Amino acid sequence: MKIIKYLFFLLLLVVIGGAVYVATIDGEFQIEESRVIDAPDEVLFNTINEYKTWEKWGPWMDESDDLIMEYPEKTSGEGASYSWKSETQGDGKMETNRVSPFTSIDQNATFITPMGESKSDVYWKFEKIEGSKTKVTWGMKGEQSFMEKAFWATQDSTLSQSLRPMYTRGLEKLDAHVNEKMKVYAISVDGVTEHEGGFYMYSATTSAIDAISEKMAQMLPAVNTYMKQNNLPQTGMPFTLYNEYNEEQGTAIFATAIPTREKVITPKESAVLSDFLPKQKVVKTTLKGDYENLKEAWEAGYKYIADNGLELNSTSPAFEVYKTDPGLQPNPAEWITEIYIPIQ
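Conventions and cut-offs
Residues numbered from 1 in each chain as written. Predicted model: local features only at pLDDT ≥ 70, side-chain atom pairs only at ≥ 80, totals over all residues. Heavy atoms only, no water. Helix = DSSP H or I, 4+ residues; strand = E, 2+ residues; numbered from the N terminus. Buried < 20%, exposed > 50% of the residue type's maximum accessible area, 1.4 Å probe, protein only. Contact = heavy atoms within 4.5 Å. Areas by Shrake-Rupley, 256 points an atom, 1.4 Å probe, with all protein chains shown as cover. Phe/Tyr/Trp six-rings, centres within 6.5 Å; stacked < 30°, edge-to-face > 60°. Salt bridge = Lys/Arg side-chain N within 4 Å of Asp/Glu carboxyl O. Pairing = 2+ DSSP bridges. Axes fitted to C-alpha atoms, helices over the stretch in contact; angles between N-to-C directions. Core = buried A, V, L, I, M, F, W, Y, C linked by side-chain atoms within 4.5 Å. Polar contact = N/O pair within 3.5 Å; in protein donor to acceptor, adjacent residues only side chain to side chain.

1. Re the overall build of the protein chain
Here's step 1: In terms of helices and strands, the protein chain carries seven helices and 15 strands.
Here's step 2: Burial status across the protein chain gives 40% buried among its 344 residues.
Here's step 3: The long-range fraction of contacts in the protein chain, counting pairs at least 24 apart against all pairs at least 6 apart in sequence, stands at 65%.
Here's step 4: If you sum the accessible surface of the protein chain, you get close to 19,800 Å²; carbon and sulfur atoms cover 52% of it.

2. A short note on the packing of aromatic side chains
Here's step 1: A complete count under the given rule lists 25 aromatic pairs for this structure.
Here's step 2: When the ring of Trp54 is compared with that of Trp57, the centres are 5.0 Å apart and the planes differ by 50°; the resulting orientation is tilted. Of this pair, Trp54 and Trp57 both sit in helix α3 (residues 54–57), separated by three residues, roughly a single helical turn.
Here's step 3: With a relative accessible area of 0%, Trp54 lands in the buried category.

3. Side note on the pattern of salt bridges
Here's step 1: Under the defined criterion, the tally for this structure stands at 10 salt bridges.
Here's step 2: A salt bridge links Lys295 to Glu299; its shortest N-O distance comes to 2.6 Å. Of this pair, Lys295 and Glu299 both sit in helix α7 (residues 294–307), four residues apart, which is roughly one turn of that helix.
Here's step 3: Lys295 sits in the exposed class, given a relative accessible area of 52%.
Here's step 4: Linked by salt bridges that have partners in common, Glu194, Glu196 and Lys279 make up one network.

4. Side note on the sheet that holds strand β10 (residues 239–246)
Here's step 1: Spatial ordering of the open sheet is given by β8-β13-β15-β14-β10-β11-β9-β12, a layout of eight strands whose pairing is antiparallel. With partners counted over all chains shown, the strands left at the sheet margins are β8 (186–195) and β12 (273–277), one partner each. Going from strand to strand, the sheet's axes swing by 30° on average, the running direction of each strand aside.
Here's step 2: Judged from the four bridges that link them, strand β14 (residues 318–322) and strand β15 (residues 336–342) form a sheet pairing that is antiparallel. In the strand pairing of β15, Val321 is matched with Glu338.

5. What about the nonpolar core?
Here's step 1: Counting residues in each nonpolar core, the largest one holds 34 residues, and the members touching the most others are Ile48, Trp54, Trp124, Val136 and Leu174.
Here's step 2: Residue contributions to this core peak at seven residues, all from helix α5 (residues 159–182).
Here's step 3: Those residues within four positions of Leu174 in sequence are excluded, and the remaining contacts are Ile37, Leu44, Thr47, Ile48, Trp57, Trp124 and Val136.
Here's step 4: Of all hydrophobic cores here, the second largest spans 17 residues; its members include Ala297, Trp298, Ile305 and Ala318.

6. Re helix α2 (residues 41–49)
Residue pairs spaced three or four apart in an α-helix point in one direction, given the helix's 3.6 residues per turn.
Here's step 1: Counting buried residues along α2, seven of its nine residues qualify, which places the element largely inside the surrounding structure.
Here's step 2: Among all positions of α2, only Asp41, Val43, Leu44, Phe45, Thr47, Ile48 and Asn49 are buried.

7. Overview of the side chain of Thr75
Here's step 1: Looking at the element boundaries, Thr75 is found in the loop between β2 (68–70) and β3 (81–85).
Here's step 2: A distance of 2.7 Å separates polar atoms of two side chains, one belonging to Thr75 and the other to Glu50.
Here's step 3: Aside from chain neighbours lying at most four places away, what touches Thr75 is Asn49, Glu50, Tyr51, Lys52, Ala80 and Ser81.

Just distances and angles here, no functional claims.
Put into structure tokens, the structure is as follows:
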């Protein structure tokens, strides 16, 4: 009987000692991972700010086959939330507390497990770097409960060490998801229509085909600046006229232009000139997506002309109109370009 008492007393000392040890463990934790992603900060911010996208890239989707996501009416912006249920991973809820457009998002995460309910602060930071790239930082911080500290004291790794690979994988999946979405495009041949034409200001040049984009990036701002300096109204979206496009030689003669209200007499030495686009019959093709798909869109337009026995108007240059300003819409998948090929 005395042995049993001694054993019980010894067990009690172990339990008390263990409790004291656990109580002295610093329960504060912070996990933070960063990744440079080749995507605009606005695109990444909008993706993460919308909870319905999380099931597309969230790393926990790889960990559980029974995860059920539930969404309220508001799923983006301050006050947005979503919750999940899982017998293997536990239940929980995520809620957005504060958003600073394109720079940061602050959230609260609630986890319900056999060890009880715990809350943590989740944060996102977006830092623009070279070109269109963005450094995305994803972190979580909080304080473990007594039971959580006791559990992790028996493990070979800490909570932070255990969760860090999941955050790394989540950022990798976010990178892949966003870049896949930005590459989505659609081409539609709208058929024969009539383009109204009109006056425009332009700057023209000859260049290698593979240098057209670079040249346009210099020429279009020059036309825009000239129009602003001379108080000329812009009456439509910018466009490019292809006076000559020689794939065999790899060269093109083209003009970047902006529509205006009437003919403008420019100084003799001016690099920006004025001209008129006639009202004409055209085949219209629309591209929704990145400019890198323009070649395919042009081919679709010319194929339509050939398939329908239409005749090109060789005296009038074909042109493309940029209906979307990339400066206002950073997601290439949302860019709209209209291609007009004149026909007889």
